[in-house]
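# Observations on chain architecture
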Amino acid sequence: MATTIKSTDLDFDTVKARLKDYLKAKPEFADYNFEASGLSNVLDVLAYNTHFNGLTANFALNEAFLNTSQLRSSVVSHAEALGYTPRSYTSSKANLNISLTIASANRPTTITLPRGTAFTSSVAGVSYTFRTLESYSAQDDGSGFYEFKTETDSNSIPVYEGIEKTKTFFVGETDETQIYVMPDVTLDTESLLVRVYETSGSSTFETYTSLKKAIRITSESKHYQIKEVPNGYFEILFGDGITTGKSPTAGNKIVITYLSTVGPTANGASVFVPTGDLNVEGTNYPITAVTESASSAGAYKEGLESIRQTAPIYFASQQRLVTAEDYKAQILANYSAYIDDVISWGGNDNVPVEYGKVFVGLKFKNNISSVVQTEVKDKIVNELTNNLAVMSIDTEFTESVISYLELQTFFNFDPDLTNATPRATENLVFSTIQDYFTQNLGKFGKVFRRSAILALIDDLDEAILNSRMNVRVQQRFTPITGQALTYTLNFPMAIANPSNIDRIVTTGRFEFNGKTCFIRNKLNQKKLELVNIDGDVELDNIGEYDTGTGRVLLQGFNPVSIEGGSVLKVTATPTNQSTLRPLRNYIIDIDPELSFAQSQIDYQNTQLTL
Amino acid sequence: MTHKLENVGRRLTNLHNRSVKEVLPEHFASDYPNLVQFLEYYYDFLDSDGGSAFETEINQLFSIRDITETPSEYLDQVIAELGAGLQNGDLFNNPRFTSRRFADHYRNKGSRFAVEEFFRAFFQQEVEVLYPKVDIFTVGRDAIGYDSQKFIQDYKRYQIFSILLKVGLGVPTYRELYKKFAHPAGFYFEGIVAVEGEADLGFDDMPISLADSAFISLIGEANIDISLLSSTTGLTDSEGVGIRYNIDQLANLYSTLTAQEINYYYSSIAEFISPNSFTMDDSADSNTPLMSLSLETMDNNMFTRYASDSAY
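Here is a short report on the structure shown in this document. (Residues numbered from 1 in each chain as written. Chains lettered and ligands numbered in written order. Predicted model: local features only at pLDDT ≥ 70, side-chain atom pairs only at ≥ 80, totals over all residues. Heavy atoms only, no water.)

### What about the overall build of chain A?
The helix and strand inventory of chain A stands at 8 helices and 36 strands. The C-alpha atoms of chain A give 32 Å as radius of gyration, which overshoots the globular expectation for 610 residues (25 Å, by more than 25%). Taken along its principal axes, the extent of the C-alpha atoms in chain A is 100 × 100 × 50 Å. When each of the 610 residues of chain A is scored for burial, the buried share is 48%. Long-range pairs, those at least 24 residues apart, make up 69% of the contacts in chain A with a sequence separation of at least 6. Where the 51 positive side-chain charges of chain A centre and where its 70 negative ones centre are 3 Å apart. (Helix = DSSP H or I, 4+ residues; strand = E, 2+ residues; numbered from the N terminus. Rg over C-alpha atoms; globule rule 2.2 N^0.38 Å. Buried < 20%, exposed > 50% of the residue type's maximum accessible area, 1.4 Å probe, protein only. Contact = heavy atoms within 4.5 Å. Lys, Arg positive; Asp, Glu negative; His and termini not counted. Charge placed at Lys NZ, Arg CZ, Asp CG, Glu CD.)

Shown next as structure tokens:
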């Protein structure tokens, strides 16, 4: 959250009181009656003037810094000063296998699918148009079947949601600063196609590309920059024709084509229908589109908090990948439409250590398919880390691991102090806990602090007198049934020492030896035993756990089936239930199925017996 | 001539004066002097403290993002932007200077220069950056044996991806910031605490105690002006030759030897504390130790000085 600078006291009454005291201290006005209506009215006006101008000064101060700015235009402007361009609206993207069949014997060897070929698809009953942003070619396979492919010979053709729009500018006298404003707040900056024609009647053009893709800039480099301007529109800038790239000259015509998109609302489209046939040598042929991955990664403009966090570390990376945080900055800056969060660490900090590598954990947004996830990872390596990282340092992706918390919350509740029922309050407490997880956890590096939640619970209602919470941590895995195998689960914290009362490590239920069983540690021991639900020991030693490393080892585990599906939950009591700080690629979340909030009626009477 | 921060003369003089008298009709000055004074006091009030007034803020707007001139509380905001999320400049001796250096530092990341600048800026320390790969034993280039001081490649210090930092700080003090601002991810790094101080071993003045046996004990006291718990290197003069030795190890090793025992084995202090002195006793029950290197292993940092089976 943004902080704000509070430079002056903006309370009207305080301002007036201080002004009064100040004037009273002056000998000329020492004996004046400042409460008299006339003078009091004058003081009101002056205090109001002070208050109003103080407020304006305060706004100006706050808007001067990235961390304290409240206006998007200010935040974007500060980010720009750090070299960071916030993400615009981003089109939802799907991957299709597009093909076409021509039975005619006089068919061409190669056909082209033009840029802008459109497909429609529906999400939640609303139809959206997706289109190609490049042209693709296909070769006759000998039988008249044409499958369109990319330059890298992939048959995965990307299509993007949006309405294609065109804006034309005529370049005026270039001794005056030319400003090319794109009046569209939902423009996807990645979709821009900038063409410059010599004159208004020319048919040939030069294509300008984004400066972000520039490797070397000369006076002849054809690049453009795009920036968001205060009213939310976008402005196109060209070089100066001398050192910062080629500049369109007076009389040139600039034609900019782009997608105006709805952003994330088009995510999830899975059935695509071509809007028309493809004309090949004068004959129309129907296009076949098979969905490889549903649409995803559509996004609104980057949020202010995201800009605030990413811009400084992006500046620190200086378009290089040296420290672990540089990886995070560059990946977030380039792929935030796909990714909620990134964590990176050097192989020196990995377990086990692997020098010469940097590990990257990505938390993809919801509904990003595995195909797209793989595509994004490939892009990160090929477009980013292979080019910007220290030579010979490799990038390795790791999956994020979710540690689920099982929270047993108890609170003392005095019904005399509220109209709410205990059950309603239990529901309120539980939803508060879930909201806390939504807002504060679920990302890399976010720490669970029990006291923070309990404070929220205590403040919910006067009738909640106090609260407490038992915290257990759960890791999940999918055992292979019918085979005796060894499994190692790593918890992201130290596990409590064995106790003579409570079981520290337990599992969910599964079938073994024809019985419903589970695993638990033996009392006072770290050894694990496999018992049936009647408490009879089926296997005396199925593994062990280690307190310091947080590791749970299951040896020769051979379940027949897992109750409720294929995933087995293994739960452990942490050494420190108050603070759970996730390691590396671990993310803390709640298991609502195994968490609850329970009230204990407390009329605050003195008890006579225990 | 130097200037104070508040008056560096870098900007035009503030021309924003209070023109109460000029703005009011002329006769106000004579007819309503109290009103004029009242309004002038009001503007004085605005300039007075900043507690309830805005003049200070208005006047500062020109320089609010000027690293040289901005007040320290606003400089922290600038540092938060330039310093990759640092909350303030408390770590720096001169936050204004460091703020200007951030961009250069980032561009130098991955170099020895960047690491040196990091320690200078954040911890006001000089660091020596070493690359242990130069001490990796290479077949065909390096001689086998202790004297070559070459080490078999391991998966820690002695490997290609390794950096050794010699600085007067414990690693926990700088680990997180170093990783955030300077450390090339994927490299092993190890810190050596470099302690520099003068120790007076006082061999000339050391007290001689009465021995608890027939032999006197040699007791020396070294006063070292350091407070770190660390491995300490001693530097002393022995018959005109300056020699270094590990004080901790030496003190532990020889804590039970009497002066006569030491004198019996060694002809000089240099020989006494030299790691290469041939002082092994291979004998079982002899008053005179037998010296031999035949059973030595080469993997100890220092050779054992005397055998457990020695008469002494």
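### Considerations on the overall build of chain B
From N to C terminus, chain B includes 11 helices and 7 strands. Counting over 312 residues, chain B shows a buried share of 38%. Across chain B, contacts joining residues at least 24 apart in sequence account for 52% of those joining residues at least 6 apart. About 18700 Å² of surface is accessible on chain B, with carbon and sulfur atoms providing 53% of the total. (Areas by Shrake-Rupley, 256 points an atom, 1.4 Å probe, with all protein chains shown as cover.)

### With respect to the packing of helix H5 (residues 72-82) of chain B against helix H6 (residues 95-107) of chain B
Residues and elements named next belong to chain B. Orientation of H5 relative to H6, taken along the N-to-C sense of each, is 10°, at an axis distance of 10 Å. Relative to H6, the element H5 is oriented roughly parallel. Contacts from Ser72, Leu75, Ile79 and Leu82 of H5 reach H6 at Pro95, Arg96, Ser99, Phe102 and Tyr106. The class makeup of the residues in the contact of H5 with H6 is 6 nonpolar, 2 polar and 1 charged. (Axes fitted to C-alpha atoms, helices over the stretch in contact; angles between N-to-C directions. Parallel < 35°, antiparallel > 145°, perpendicular 65-115°, else oblique. Nonpolar A, V, L, I, M, F, W, Y, C, P; charged D, E, K, R; others polar.)

### A look at the pattern of salt bridges
Where charged atoms from two side chains of opposite charge approach closely, those side chains can pair. All names here are of chain A. The tally for this structure, following the rule as stated, stands at 36 salt bridges over all chains. Its salt-bridge partner being Glu80, residue Lys227 comes within 3.5 Å of it at the nearest N-O pair. A residue pair is termed long-range when its members are at least 10 positions apart, and Lys227 in strand S12 (residues 223-228) and Glu80 in helix H3 (residues 72-81) qualify at 147 residues. For Lys227, a relative accessible area of 23% gives the class partly exposed. Two residues, Lys212 and Glu190, come together in a salt bridge whose shortest N-O distance is 3.4 Å. Placement of Lys212 in the loop between strand S11 (205-210) and S12 and of Glu190 in the loop between strand S9 (180-182) and strand S10 (193-197) is noted, with a sequence separation of 22 residues between them. Here Lys212 matches Glu190 in class, with each residue exposed. (Salt bridge = Lys/Arg side-chain N within 4 Å of Asp/Glu carboxyl O.)

### Let's talk about the sheet that holds strand S19 (residues 339-346) of chain A
Think of a sheet as strands paired side by side through backbone hydrogen bonds, with each pair either parallel or antiparallel. All names here are of chain A. The 3 strands are arranged S19-S20-S21 in an open sheet whose pairing can be described as mixed. Of all the strands in the sheet, the pair left with one neighbour each is S19 and strand S21 (394-398). Neighbouring strand axes in the sheet, compared pairwise and without regard to direction, differ in orientation by 25° on average. Bridging between S19 and strand S20 (residues 357-364) involves 7 bridges; their strand directions are antiparallel. For Val342, the partnering residue across the bridge sits in S20 and is Leu362. Across the face of the sheet, helix H5 (residues 324-335) comes into contact with S19, S20 and S21 while running at roughly 160° to S19. Here helix H6 (residues 370-388) sits on the sheet and contacts S19, S20 and S21; the angle it forms with S20, its principal contact strand, is near 140°. (Pairing = 2+ DSSP bridges.)

### Re helix H3 (residues 33-48) of chain B
With 16 residues, H3(B) should reach 22 Å at 1.5 Å per residue; the first-to-last C-alpha distance of 22 Å fits that figure. Among all positions of H3(B), only B:Val36, B:Phe38, B:Leu39, B:Tyr41, B:Tyr42, B:Phe45 and B:Leu46 are buried. Those residues of H3(B) hidden inside the fold are in contact with helix H1 (12-24) and helix H2 (37-62) of chain A together with helix H1 (20-23), helix H2 (26-31) and helix H4 (55-60) of chain B. (Expected span 1.5 Å × (residues − 1).)

### Notes on the side chain of A:Thr547
Residue and element names in this part refer to chain A. The residue Thr547 is located in the loop between strand S30 (537-546) and strand S31 (551-557) in this model. Residue class for Thr547 comes out buried when judged on its relative accessible area of 14%. Not counting residues up to four positions away in its chain, the partners in contact with Thr547 are Ala494, Ile495, Ala496, Asn497 and Lys526.

### A closer look at the environment of A:Ile343
Residue and element names in this part refer to chain A. Examined against the element boundaries, Ile343 turns out to sit in strand S19. In the structure, Ile343 is positioned 14 residues away from Ala329 in sequence and 9.6 Å away in space, judged by C-alpha atoms. Apart from residues no more than four positions distant in its own chain, Ile343 is found in contact with Phe359, Val360, Gly361, Phe444, Arg584 and Asn585.

### So, the interface of chain A and chain B
It is common to report an interface's size as the accessible area lost on association of the parts. Across the boundary between the two partners, chain A contributes 57 residues, which contact 48 residues of chain B. Inspection of the chain A/chain B interface yields 3 salt bridges. Of the charged contacts, one joins B:Lys109 and A:Asp326 as a salt bridge, the two residues approaching to 2.6 Å between their closest N and O atoms. Put simply, chain A and chain B have 18 residue pairs in polar contact (both at pLDDT 80 or more) between them. Sorting the residues of the side of chain A that touches chain B by element identifies H1, H2, helix H4 (304-317), H5 and S20 of chain A as the ones contributing at least two each. (Polar contact = N/O pair within 3.5 Å; in protein donor to acceptor, adjacent residues only side chain to side chain.)

### Thoughts on the sheet that holds S11(A)
Residues and elements named next belong to chain A. Here we have 7 strands laid out as an open sheet, ordered S8-S14-S10-S11-S12-S13-S9, and mixed in their pairing. The open sheet is flanked by strand S8 (163-170) and S9, the only strands paired with a single partner. Shown here is a sheet whose adjacent strand axes are inclined to one another by a mean of 30°, direction ignored. Of the strand pairs in this sheet, S10 and strand S14 (residues 253-260) are connected by 5 bridges, and their pairing is antiparallel. Each residue of the ladder has a partner; that of Leu193, found in S14, is Thr257.

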